[in-house]
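Okay, here's what each chain looks like letter by letter:
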Amino acid sequence: MPLIQQTADVTVTGQVTDENGSGLPGVTVVLQGTTRGTSSDANGNYSLSVPGGGGTLVFSFVGYKTQEVQIGNRSTVNVSLAPDTETLEEVVVVGYGTQQKSLVTGAISSVRQEEIATVSSTRVEQALQGRTAGVSVLPASGSPGSGMRVRVRGAGSNGNAEPLYIVDGMRTGGIEYLDPSEIASIEVLKDAASAAIYGAEGANGVVIITTKTGNKGAPSTVSYSGQYGVQSVGDRMDLMNAQQYAAYLNESSTAGTIPDPAEVSSIQGTNWLDEIFEKAPMQRHSVSFNGGSEKSSFLINGTMFRQDGVVGGDKARFDRYTVRLNSDHEIKSWLNVGNRLSYSHFERAGIQEDSEFGSVISNAILIDPITPTIYTGALPGFVQDAIDAGLPLVRDGSGNYYGLSQYIRGEVGNPLAQIAITKGSTVQNKVVGNLYADIKPFEGFTFTSRFGIDAAFQRNHGWNPSFWFSSERLNTTANTFDTNENWFTWQWENYATYQRTIGSHNFTLLAGTSALERRYNRLNGTSSGLFAEDDIFAFPDYTPDDNDRIAGTENANTLQSYYGRLSYDYENKYLLNLTVRRDGSSLLPPGNEWGTFPSVSVGWVLSNEDFFPANNVVNYFKLRGSWGENGSLSNLTIGQWAAVITSQGIRYPDGNGGYITVAEPAALANPELTWETSEQVDIGLDLGLFDNRLTLTSDYFVKTTKDLITPGTPPRFIGNTLPFVNGGDVRNRGWEFELAFNNNTNPNAFKYEFAVNLTTLDNEVTFLNPNVTRIAGTGVGTGWTATYFEEGYPIWYFRGYKTAGIFQSEDEIGQYLSENGISGYDPAPGDPIVVDVNEDGQISPDDQTFIGSPHPELIYGGRINLSYKGFDFLAFIQGQAGNDVLLAFNRVDRPTANRPAFFYEDRWTGPGSTNSWFAPNTTSTYVYNSDLMLFDGSYARIRQLQLGYTLPNAVTERISVQNARFYVSLDDYFTFTDYPGLDPEAGSNNVNSLGIDRGVYPIPRKALVGLTFNF
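This is a predicted model, so every value here is computed, not measured.

1. Some points on the sheet that holds strand β10 (residues 108-112)
And then number 1: Read across the open sheet, the 5 strands follow the order β10-β15-β16-β13-β14; overall the sheet is mixed. Lying at the two open borders of the sheet, with one neighbouring strand each, are β10 and β14 (170-172). Between one strand axis and the next, the sheet turns through 25° on average, direction left out of account.

In structure tokens, the structure reads:
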């Protein structure tokens, strides 16, 4: 019988220090060739059990050089790690590859995983906000799961100007399916030279996202990250109370049924915003499994996110679940294969928003404060009359009737009742991923083949119960609605990369081809006459067949591409990048399907020159410049260029008493239609000072987007319409600065990092089809188009009456009319002084002019990171300045609606009382369609205040975990602004409604606790 000898484990301890002898926390310590590992505590101490007989320990830490140390017969192994001062040798992801940061010649900004690891944002786009220069992020709403508007170097189109998103090499229709915990890095390609490799889809910038992967040869780990928080609304806009409301309507002599101030003199009434706002929970959990062998690695990650709404509660809930599997395998020395695969499921319930016509928040602002939330006693006569008439009034869960207004009609109703009758949600299942193979037949050459898909399957289902708010806002027959939508994109890319060094000349050549197809189908329907008003009967099977309606469509488009890039440097001093891409799209007419998009960028690393003085101040200095062109397909649709033929409403007699079906053109074809093209020039510099402890990046850019798609205006003798032409140009120009300073090489335990970024923006339409004076944008209320697209002004600027103060007396009115030769205008004291812009002696809609811009002139962000032993602190601020916001829920067509309290408090009450705000008025277009409704939208928001503590290893080893960190965080908690509305980040889902507050759903503030650890 053989004798089996088992070697006992021994414990190796020690301390890991930096070059100055200070302990380094969080250093990974692994026994080479095994899965055994640990990490150092706050003082740099570690402890690891290893098999007797020695071995080799591998010490690794970000910012320091990895070191391998043989154990021998020692039980104590102390190590001093040397800093990797070549921080500018950091690798950044570029299109179809990576590049050393020191050799980059384009404008690329990066966001690393540690910057967004503990954010509370629902979406990844919001995590970009304020973290990189040149990128602005505007939420469409503060409601859970709402979309974001991302603009790279300004709004470059009158239509869709969203950047192209690339996730692990796959084009995606959006990144709402990603959880921040899945991300390893984000790169934003801002200039044309960086984005030119994506050709026809790179005009609005490119966001490249790389997800986390496993580590080859590292011990298997399980990691957990969790958050729980409570959301609330901070400073709220004050509305008129009952006394102010009654006084305002009477002082303005508003027509219709209005309250008697004497009858409400002793009551404050209902504060409707207090009634709809509530505290709402949110939580996020992430678990990942990470490991690998010498030739393979894997990462399995699962996340759960839930957020209720501060308006609507669970009626505005967003749930998201994701699962990810990333793996890489070295099959042969010349063959690597792997995958990036994710599945996500989300369900979003939402209330009606972003509309002055009946959205929940708009109703809460407009409904009078005299109306109660519910009736608990005797019912008013007009309410009892409605019940007696058999009208379907809405009740709460206790059977009480919701309050009805007797002063305001139209679309305005009780917002609590509106929330109660909201029935519906959107569910989406999505799969995004790819399979790849890297083949390396000889040194320096790699051929990559990658096939990916982006498939989303979405259903929106809901129903509308019967209700009655007023004779103008009602639904007498319950109805249901369903929409099924499917998106499927496949992409197959094949490209080769060859790297070669000849003496001091370094070359990298890239050449490839790409094929892509996008398919979409929709099937939707409605039905009415539910068998019973209940969720289980809200389907067409429970309604009469003759009330069913169905509709649907299907389409597809393709993109074929060829691309190439040459990267060259000489002794890391002189840098050159040449890129070209040729794309062919099925969206364009015959003869215009193909386009070529070139770029060139150069760089000069002065600090590598022999003449550059050796000093301890400036250790890195690079100048760079670029030029390039990119296209945009975002605003093209299938058949948009083609003629429209219709037979609707056309009958031709056949001579036998009947009619023949005939057709005629409804719109002309435009065989010259082409994509929007962005041309950009960028000049920049990169500086590293004091051993790269202080870094500065600065860029000046001019981006001109040409051939914007605008409405066509053929001569009238043509006798038909031309829907779309390439008829506009827009220019964005500005400066970008990114500055960071840290003391990571300081021998003390106290570490700090300060970083700021700043961008200036100037947006202007430089050309518009000369057959058009201006293009109308969005309407506000009834009768006023508030935004326009016009040469010489910003995209979708605000247009209205311009005022110059308030008339104080009849004498001043007479003097103004006489001096300006104005007739047909009869203002009263307390009315605004309206400027006769066109000087025609009349005050009319022709005097409406530029009154403001929704685009910020300055965007900025800054962060402070502090750490001492196990404690860490983060402060992050973001803001913008120079933009205007339109208070659009105040309208002349609802004169008896409530208004913000400052309308009453700041009102003109007599000569000399104020020259900035008008006398009580509810119907004047000179007031409500003017710059008086426009306010400064500048703000500074503390996005994150976070305090954390990492437990020492001596504690965590007792419970068999590592890197256990607890933290508390206040996110979006403090906002500094002069804007009087609910939130200066007035977002919208419409591109021509930027900066219009129709009763915006505010960004909630969050108080969070979090925990992370691994084992």
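2. Describing the sheet that holds strand β5 (residues 56-60)
And then number 1: Across the sheet, 4 strands lie side by side as β3-β2-β5-β6; this open sheet has antiparallel pairing. In this open sheet, the two edge strands, each paired with only one partner strand, are β3 (37-39) and β6 (67-70). Neighbouring strand axes in the sheet, compared pairwise and without regard to direction, differ in orientation by 20° on average.
And then number 2: Pairing geometry for strand β2 (residues 28-31) and β3, over 3 bridges, is antiparallel. Note on β3: the bridge partner recorded for Val 30 is Gly 37.

3. Here we look at the packing of aromatic side chains
And then number 1: By the definition in use, this model includes 44 aromatic pairs.
And then number 2: Ring geometry for Tyr 801 against Tyr 926: centres 5.1 Å apart, planes inclined by 80°, an arrangement best described as edge-to-face. Separated by 125 residues along the polypeptide, Tyr 801 in the loop between β45 (797-800) and β46 (803-806) and Tyr 926 in helix α11 (residues 925-928) bring together distant segments of the chain.
And then number 3: Judged by centre distance (6.5 Å) and plane angle (75°), the ring pair of Phe 935 and Tyr 979 falls under edge-to-face. With Phe 935 in strand β52 (residues 934-936) and Tyr 979 in the loop between β54 (962-977) and β55 (996-997), this residue pair connects regions lying 44 residues apart in the sequence. An identical accessibility class is assigned to Phe 935 and Tyr 979; each is buried.
And then number 4: Aromatic ring contacts, followed pair by pair, group Phe 902, Phe 903, Trp 917, Phe 918, Tyr 928, Phe 935 and Tyr 979 into a single cluster.
And then number 5: The ring of Phe 305 carries Arg 320 above its face, with NZ or CZ at 5.4 Å from the centroid.
And then number 6: The ring of Tyr 904 has Arg 907 lying over it, and the distance from NZ or CZ to the ring centre is 3.8 Å.

4. Some remarks on the pairing of strand β12 (residues 148-152)
And then number 1: Most of β12 sits inside the fold, with 5 of its 5 residues counted as buried.
And then number 2: Of the two faces of β12, the one holding Met 148, Val 150 and Val 152 and the one holding Arg 149 and Arg 151 are both buried throughout.
And then number 3: Here strand β11 (residues 135-139) pairs with β12 via 5 bridges, running antiparallel. Each residue of the ladder has a partner; that of Ser 136, found in β12, is Arg 151.

5. What about unusual backbone geometry?
And then number 1: Positive phi, normally seen in glycine, also occurs at Arg 153, with a value near 60°.
And then number 2: Along the chain, Arg 153 turns up in the loop between β12 and β13 (164-167).
And then number 3: Arg 153 gets classed as buried once you look at its relative accessible area, which sits at 0%.
And then number 4: Phi at Asn 572 is positive, roughly 60°, even though this residue is not glycine.
And then number 5: With respect to the secondary-structure elements, Asn 572 resides in the loop between β28 (549-570) and β29 (574-585).
And then number 6: Given a relative accessible area of 34%, Asn 572 falls into the partly exposed group.

6. Here's the deal with the nonpolar core
And then number 1: Counting residues in each nonpolar core, the largest one holds 65 residues, and the members touching the most others are Leu 273, Val 311, Ile 365, Leu 886, Phe 903, Phe 918 and Met 933.
And then number 2: When contributions to this core are tallied by element, the ones reaching two or more residues are α4 (242-251), α5 (272-276), α6 (360-366), α8 (415-420), β51 (884-887), α10 (901-905), α11 and β52.
And then number 3: Considering every element that reaches this core, the biggest residue donor is α6, with 5 residues.
And then number 4: Setting aside chain neighbours within four positions, we find Leu 273 in contact with Arg 236, Met 237, Leu 239, Ala 364, Ile 365 and Leu 982.
And then number 5: Within the second largest apolar cluster, 23 residues are counted, among which are Ile 116, Tyr 177, Ile 186 and Val 207.

7. A word on the UniProt feature "domain: TonB-dependent receptor plug" (unreviewed entry) in the protein
And then number 1: UniProt feature "domain: TonB-dependent receptor plug" (unreviewed entry): in the numbering of this structure it lies at residues 104-206.
And then number 2: Across residues 104-206, helical content stands at 13% and strand content at 29%; the span's end C-alpha atoms are separated by 16 Å.

8. Description of the side chain of Glu 411
And then number 1: Checked against the element boundaries, Glu 411 lands in the loop between α7 (381-388) and α8.
And then number 2: Classification of Glu 411 by relative accessible area gives buried; the value is 12%.
And then number 3: Engagement of the side chain of Glu 411 in a polar contact is seen with the side chain of Arg 894, the distance being 3.1 Å.
And then number 4: Apart from residues no more than four positions distant in its own chain, Glu 411 is found in contact with Glu 356, Phe 357, Gly 358, Asn 363, Arg 473, Arg 891 and Arg 894.

9. Overview of the pattern of salt bridges
And then number 1: Counted by the stated rule, this structure contains 49 salt bridges.
And then number 2: Here Asp 319 makes a salt bridge to Arg 306, at a shortest N to O gap of 2.6 Å. Taken together, the positions of Asp 319 in strand β20 (residues 313-332) and Arg 306 in strand β19 (residues 296-309) put the pair 13 residues apart, joining distant regions of the chain.
And then number 3: Owing to a relative accessible area of 9%, Asp 319 belongs among the buried residues under this scheme.
And then number 4: Its salt-bridge partner being Arg 519, residue Glu 517 comes within 3.4 Å of it at the nearest N-O pair.
And then number 5: Given the relative accessible area of 16%, Glu 517 is considered buried.

Cut-offs applied
- Residues numbered from 1 in each chain as written.
- Predicted model: local features only at pLDDT ≥ 70, side-chain atom pairs only at ≥ 80, totals over all residues.
- Heavy atoms only, no water.
- Pairing = 2+ DSSP bridges.
- Helix = DSSP H or I, 4+ residues; strand = E, 2+ residues; numbered from the N terminus.
- Axes fitted to C-alpha atoms, helices over the stretch in contact; angles between N-to-C directions.
- Phe/Tyr/Trp six-rings, centres within 6.5 Å; stacked < 30°, edge-to-face > 60°.
- Buried < 20%, exposed > 50% of the residue type's maximum accessible area, 1.4 Å probe, protein only.
- Lys NZ or Arg CZ within 6 Å of the ring centre and 35° of its normal.
- Core = buried A, V, L, I, M, F, W, Y, C linked by side-chain atoms within 4.5 Å.
- Contact = heavy atoms within 4.5 Å.
- UniProt positions renumbered as here; feature names shortened; annotations may be inferred.
- Polar contact = N/O pair within 3.5 Å; in protein donor to acceptor, adjacent residues only side chain to side chain.
- Salt bridge = Lys/Arg side-chain N within 4 Å of Asp/Glu carboxyl O.

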